[in-house]
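Analysis of the macromolecular model
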Amino acid sequence: MTKRSRKTLMIWALSVLSLVVTAIAYSFLPEEIPMWWNFHGTVLRYAEKNNIWLIASLAAVFAVLFTVLPLIDPRNKNYQRFMEYYETFTLVMVVAGDILTGVVISESFRPGKIEVGQLVVLIAGLICMVMGNLMPKIKSNYFIGIRNPWTLSDPDIWNRTHRIGGRIFFIFGLCVTVWALMPVWPLLIYLVSGVALVAITVVPYLYSYWCFRQNQKKGKLADQQEEESWSPVMKNLLERRSVRAYTDQMPSHELLEQIVLAGQFAPSGKNLQEWHFVVVENPEVLHRLEELLGEELGRPGYHFYGAPVIILCANKKGARNAMADCSAALQNMMLAAHDLGLGTCWINQFRDVWGNAKVEAYLAQLGLPEGYEVQCSTIVGYPAQSPAAPARKPGTVTYVK
Ligand SMILES: Cc1cc2nc3c(=O)[nH]c(=O)nc-3n(C[C@H](O)[C@H](O)[C@H](O)COP(=O)(O)O)c2cc1C
């Protein structure tokens, strides 16, 4: 089972835990249960015991809500780029729901055993710290993060604002956590938390507007307006980047099949389609390939930037259009992968070991037909970075009208 499916399973298991525990405990609960506390742990309000279901369903509500949001977001493709972190946040919220249920049940049976006010503040502080850590990884979307006209209009402003916002959230969470653990100097902590709270709401807004104004001054707005008129294909083409850092998340086999299909639909000289693709999804094989290239190229520690998949694009040895056909296919696959929220990077080292008996033997073992050699390859995975586009050289076009 992959790390991600383990996390998904945990989310669903923990989301029903509160309901199951409540169902078991329900008949033993007193008729009135405590529902509101102040920070010092004094109960402010009791409620009828059926109100426990409101608290007990919190974890399940979080699990369902955070599962549905990516499905209905018009920018749902972007979620794939931070899904690992998004699921961590969902898990944290579900666990928080479970803890709250546990607290209410425990306090109903044995009042005064838990410092409830302090515990709730502690959980809130820890959640803010987790959010602060995750914020820089969130990509542009309509539901999660700092959403305003400026962040939503430009991925660069989004990323910069979330980097700043993440730090402020983390500091705010840390203040709240420290205060919950050591409720001393309440006035000072109130002051710091208050300032941080204002900073959370105001600074990212002002900062994103400031970034927008800066871009406007640099003329980026004109580019952007032009960008808005571009077709999705053109946007995909301009936004693809060589990605050199990846998360552990494995792209599904279905996505890889779509990517290879895009490769198979590339043009080929005389429509010969003499290519052969080898898609390596197996981590041991992938590591063996890294090792083998490292050994044969004299580059110990050589790696594929932590990507979980590599697609090799081979063609008949000596074929006139071998490299051209494979390159066209590779580019198609890289663009398709980008469109699916995946990152890629051209890996050129296989052509540096052409004719190497050890590499050829291993590739044959993987299923590469005899007489074929790998022309080019691309790694594939979920990006752990969003590199800026390297500047394009001027003076590389001549229009003959
Ligand atoms: C023929 C070719 C070979 C490349 N080989 C490698 C490589 O072995 N390793 C690597 O990290 N990037 C490689 N790249 C990626 C380029 O460095 C990258 O495309 C370039 O820096 C422009 O960045 P961009 O792809 O983000 O626009 C290769 C690109 C091409 C077209």
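Here's what I pulled together on the structure shown here. All figures in this text were calculated on a predicted structure; none of them were measured in a lab.

The strand order across the open sheet built from four strands is E3-E4-E6-E5, with neighbouring strands paired in antiparallel fashion. Here the strands that pair on one side only, and so sit at the sheet edges, are strand E3 (276-280) and strand E5 (343-347). When strand polarity is set aside, the average angle formed by the axes of neighbouring strands in this sheet is 25°. In this structure, E5 lies alongside strand E6 (residues 372-381), joined through five bridges in antiparallel fashion. Opposite Trp-346, over in E6, you have Thr-378 as the bridge partner. Lying on the sheet, helix H12 (residues 253-264) is in contact with E3, strand E4 (309-316) and E6; it crosses E3 at an angle near 160°.

With the rule as written, the count across this model stands at 12 aromatic pairs. Between the aromatic rings of Phe-66 and Tyr-86, the centroid separation amounts to 6.0 Å while the plane-to-plane angle is 85°, which identifies the pairing as edge-to-face. Of the two residues, Phe-66 is situated in helix H3 (residues 58-72) and Tyr-86 in helix H5 (residues 83-109); the sequence distance between them amounts to 20 residues. The residues Phe-66 and Tyr-86 share a single accessibility class, namely buried. A ring pair is formed by Tyr-79 and Tyr-86, whose centres lie 5.5 Å apart and whose planes are at 90°; its orientation type is edge-to-face. Judged by relative accessible area, Tyr-79 falls into the buried class, the value being 0%. Just above the ring of Tyr-85 sits the side chain of Lys-137; from NZ or CZ to the centre is 5.2 Å.

Turning our attention to the side chain of Ser-18. Assignment of secondary structure puts Ser-18 in helix H1 (residues 3-25). Excluding its chain neighbours within four sequence positions, the residues that come into contact with Ser-18 are Ala-56, Ala-59, Gly-97, Asp-98 and Thr-101.

Every residue close to the ligand is listed here: Arg-240, Arg-241, Ser-242, Arg-244, Tyr-305, Cys-345, Trp-346, Ile-347, Asn-348, Gln-349, Pro-390 and Arg-392. In the environment of the ligand, an oxygen atom lies 2.6 Å from a nitrogen or oxygen atom belonging to the side chain of Tyr-305. Within the side chain of Arg-392, one N or O atom sits 2.8 Å away from an oxygen atom of the ligand. Considering the ligand on its own, with 620 Å² of exposed area, one finds that the protein chains cover 65% of that surface. Here the residues of the shell around the ligand sort into five nonpolar, three polar and four charged.

What follows deals with a nonpolar patch on the surface. A cluster of nonpolar side chains, contributed by Trp-12, Val-64, Val-68, Leu-71, Ile-72, Tyr-142 and Phe-143, occupies part of the molecular surface with about 640 Å² of accessible area. A per-element tally of the nonpolar patch places H3 first, with four residues. By the secondary structure assignment, Trp-12 is in helix H1.

Glancing now at the pairing of strand E1 (residues 32-37). Pairing between E1 and strand E2 (residues 43-48): five bridges, direction antiparallel. Opposite Pro-34, over in E2, you have Tyr-46 as the bridge partner. Turn length for the E1-E2 hairpin, with the two strands adjacent in sequence and antiparallel, is five residues, and the turn residue Gly-41 shows positive phi of about 90°.

As enumerated under the stated definition, the model contains zero disulfides in all. Here Cys-175 stays unpaired: no disulfide links it, and the sulfur of Cys-128, its closest cysteine neighbor, is 10 Å away. Classification of Cys-175 by relative accessible area gives buried; the value is 15%. With no disulfide of its own, Cys-326 lies 3.4 Å from the sulfur of Cys-313, the closest cysteine sulfur.

About the criteria used
- Residues numbered from 1 in each chain as written.
- Predicted model: local features only at pLDDT ≥ 70, side-chain atom pairs only at ≥ 80, totals over all residues.
- Heavy atoms only, no water.
- Pairing = 2+ DSSP bridges.
- Helix = DSSP H or I, 4+ residues; strand = E, 2+ residues; numbered from the N terminus.
- Axes fitted to C-alpha atoms, helices over the stretch in contact; angles between N-to-C directions.
- Contact = heavy atoms within 4.5 Å.
- Phe/Tyr/Trp six-rings, centres within 6.5 Å; stacked < 30°, edge-to-face > 60°.
- Buried < 20%, exposed > 50% of the residue type's maximum accessible area, 1.4 Å probe, protein only.
- Lys NZ or Arg CZ within 6 Å of the ring centre and 35° of its normal.
- Near = heavy atom within 4 Å.
- Polar contact = N/O pair within 3.5 Å; in protein donor to acceptor, adjacent residues only side chain to side chain.
- Areas by Shrake-Rupley, 256 points an atom, 1.4 Å probe, with all protein chains shown as cover.
- Nonpolar A, V, L, I, M, F, W, Y, C, P; charged D, E, K, R; others polar.
- Patch = residues over 30% accessible without salt bridge, like charges linked within 9 Å, V, L, I, M, F, W, Y side chains within 5 Å.
- Salt bridge = Lys/Arg side-chain N within 4 Å of Asp/Glu carboxyl O.
- Disulfide = S-S within 2.5 Å.

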